[in-house]
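Here is how the chains run, residue by residue.
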Amino acid sequence: MIRVRASGDTMLLVEFEQRIDPLINDRVIQLAGRLTDRLRGVVRDVVPAYCAIGVHFDPLLTDLAALERVIGEEAHAIADADPRDSASIVEIPVRYGGDNGPDL
């Protein structure tokens, strides 16, 4: 499902399948959120893109093997989740004119 590789000496790149797919992007967003919560104070930044995540860390303060293990655990957790659980439809009513004011 994912590939984790070094991108320089201070970032891990977490790559999903390289194609445009809303499901892949949803999983990127989910994983980035989980990593941000779990690694707060351990990494410098978690930066999601469309189908990848950059995890910026301090190599002098971070155990790289433990960081890769956490990424794998969190990726496994979202792989087991139903993608419909994270999506919901929000309906926003739109009203123009009359008691609702003028149509601009």
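Just above sits the structure.
Before going into details, it helps to say that this report is about the structure given with it. (Residues numbered from 1 in each chain as written. Predicted model: local features only at pLDDT ≥ 70, side-chain atom pairs only at ≥ 80, totals over all residues. Heavy atoms only, no water.)

1. Things to note about the overall build of the chain
And step 1. When its secondary structure is counted, the chain shows two helices and four strands.
And step 2. Along the chain, from the amino end to the carboxyl end, the secondary structure elements read β-β-α-β-β-α.
And step 3. A globule of 104 residues ought to have a C-alpha radius of gyration of about 13 Å, yet the chain, at 19 Å, is considerably larger.
And step 4. For the chain, the C-alpha atoms occupy an extent of roughly 65 × 25 × 25 Å along the three principal directions.
And step 5. Across the 104 residues that make up the chain, the buried fraction comes to 31%.
And step 6. The long-range share in the chain, meaning contacts at least 24 apart out of those at least 6 apart in sequence, stands at 57%.
And step 7. Mean positive and mean negative side-chain charge positions of the chain (11 and 18 charges, respectively) differ by 3 Å. (Helix = DSSP H or I, 4+ residues; strand = E, 2+ residues; numbered from the N terminus. Rg over C-alpha atoms; globule rule 2.2 N^0.38 Å. Buried < 20%, exposed > 50% of the residue type's maximum accessible area, 1.4 Å probe, protein only. Contact = heavy atoms within 4.5 Å. Lys, Arg positive; Asp, Glu negative; His and termini not counted. Charge placed at Lys NZ, Arg CZ, Asp CG, Glu CD.)

2. Considerations on the pattern of salt bridges
And step 1. Overall, the coordinates contain ten salt bridges when judged by the stated rule.
And step 2. Across the salt bridge formed by Glu 74 and Arg 34, the nearest N and O atoms sit 2.5 Å from each other. Taken together, the residues Glu 74 in helix H2 (residues 64–80) and Arg 34 in helix H1 (residues 22–38) connect sequence positions 40 residues apart.
And step 3. Classification of Arg 34 by relative accessible area gives partly exposed; the value is 36%.
And step 4. Note that Arg 40 and Asp 37 form a salt bridge whose closest N and O atoms lie 3.2 Å from each other. Of the two residues examined, Arg 40 and Asp 37, each falls in the exposed class. (Salt bridge = Lys/Arg side-chain N within 4 Å of Asp/Glu carboxyl O.)

3. Some details on the nonpolar core
And step 1. Counting 20 residues, the largest nonpolar core has Phe 16, Leu 31, Leu 35, Ile 53, Val 55 and Leu 67 as its most contacted members.
And step 2. Secondary structure elements with two or more residues in this core: strand S2 (11–15), H1, strand S4 (52–56) and H2. (Core = buried A, V, L, I, M, F, W, Y, C linked by side-chain atoms within 4.5 Å.)

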